[in-house]
Amino acid sequence: MDPRCVDLAEQLLLVECELRKLGYWSELPPSPDALASQAPFCVDTLAFEQWLQWIFLPRMKVIVENDLDLPQASGIRPMAEVAYRERLVEVHGLLNVLGEFDRLIGSAT
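Residues numbered from 1 in each chain as written. Predicted model: local features only at pLDDT ≥ 70, side-chain atom pairs only at ≥ 80, totals over all residues. Heavy atoms only, no water.

Asks: Where do I start with the packing of aromatic side chains in this structure?
Replies: By convention here, two paired aromatic rings are described through the distance between centres and the angle between planes. Applying the stated criterion across every chain, the model contains seven aromatic pairs. Judged by centre distance (4.7 Å) and plane angle (70°), the rings of phenylalanine 41 and tryptophan 51 are edge-to-face. With phenylalanine 41 in the loop between helix H2 (32–35) and helix H3 (48–65) and tryptophan 51 in helix H3, this residue pair connects regions lying ten residues apart in the sequence. By relative accessible area, which is 9% here, tryptophan 51 ends up buried. For the ring pair phenylalanine 48 and tryptophan 51, a centre distance of 5.6 Å and an interplane angle of 25° mean the geometry is stacked. Of the two residues, phenylalanine 48 and tryptophan 51 both sit in helix H3, three residues apart, roughly one turn of that helix. For phenylalanine 48, a relative accessible area of 6% corresponds to the buried category. One aromatic cluster is present, built from ring pairs that chain together Tyr24, Phe41, Phe48, Trp51, Phe56, Tyr84 and Phe101. (Phe/Tyr/Trp six-rings, centres within 6.5 Å; stacked < 30°, edge-to-face > 60°. Helix = DSSP H or I, 4+ residues; strand = E, 2+ residues; numbered from the N terminus. Buried < 20%, exposed > 50% of the residue type's maximum accessible area, 1.4 Å probe, protein only.)

Asks: Help me understand H3, please; the structure alone is not making it clear to me.
Replies: The α-helix winds at 3.6 residues per turn, so residues separated by three or four positions along the chain end up facing the same way. Taking 1.5 Å per residue as the helical rise, H3 with its 18 residues ought to reach 26 Å, and the 24 Å between its terminal C-alpha atoms agrees with that figure. Along its length, H3 reaches its greatest deviation from straightness, about 35°, at phenylalanine 56, and the proline proline 58 lies no more than four positions downstream. Every buried residue belonging to H3 is among Phe48, Glu49, Trp51, Leu52, Gln53, Ile55, Phe56, Leu57, Met60, Ile63 and Val64, and all of these are buried. Each element contacted by the buried residues of H3 is listed here: helix H1 (5–21), H2, helix H4 (76–83) and helix H5 (92–106). Note on H3: the residue one or two positions beyond its end, aspartate 67, has a positive phi of about 50°. (Expected span 1.5 Å × (residues − 1). Bend = angle between axes of the 7 residues up to and from the residue. Contact = heavy atoms within 4.5 Å.)

Asks: Is there a simple way to think about the pattern of salt bridges in this case?
Replies: Side chains that carry opposite charge are capable of pairing whenever their charged atoms lie near each other. With the rule as written, the count across this model stands at six salt bridges. With its nearest N and O atoms 3.0 Å apart, the salt bridge here joins glutamate 18 to lysine 21. Within this pair, glutamate 18 and its partner lysine 21 are both found in helix H1, separated by three residues, close to a single helical turn. Under the relative-accessibility criterion, glutamate 18 is labelled buried at 14%. Overall, lysine 21 belongs to the exposed group, its relative accessible area being 65%. (Salt bridge = Lys/Arg side-chain N within 4 Å of Asp/Glu carboxyl O.)

Asks: Before we go on, may I ask you to explain the side chain of glutamate 18 in this structure?
Replies: Here the side chain of glutamate 18 touches lysine 21 through a polar contact of 3.0 Å, side chain to side chain. Contact partners of glutamate 18, with chain neighbours within four places excluded, come to Gly93, Leu94 and Val97. (Polar contact = N/O pair within 3.5 Å; in protein donor to acceptor, adjacent residues only side chain to side chain.)

Asks: Looking at this model, I keep getting lost on the environment of aspartate 69. Mind explaining?
Replies: Summarising the element assignment, aspartate 69 is placed in the loop between H3 and H4. Here aspartate 69 falls in the exposed class, since its relative accessible area comes to 74%. Placed 67 residues apart in sequence, aspartate 69 and aspartate 2 show a C-alpha to C-alpha distance of 8.4 Å.

Asks: I keep staring at the confidence of the model for the protein and nothing clicks. Help me out?
Replies: The predicted coordinates of low-pLDDT regions are not to be read in fine detail. Residues with a pLDDT of 70 or more make up 98% of the protein, whose mean pLDDT is 95. Within the protein, the lowest mean pLDDT, 95, falls on H2, and the highest, 97, falls on H5. (pLDDT = per-residue confidence, 0-100.)

This is the structure:
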């Protein structure tokens, strides 16, 4: 098991916590068509927080829980900075959590 998995699992929980604190967590999933987008981050069909909740978190959970190969790099925080450029102060906590996720992914042993 990759030694980063425990820390990554914690970061994933923190992402969810931040999304909930911000009121960005949704109980209802987007439509199947919206989730099936082929665009990076589903930018054509989902808000960034929807992508985090419905695509990123579930996929990373499967990777961590099943000890699958972790991504070689991550650039989630820069994407979040673009998505939330008008609300950077409001989403500061979320940006920090995503930045730590990126750092952990980049710190392969």
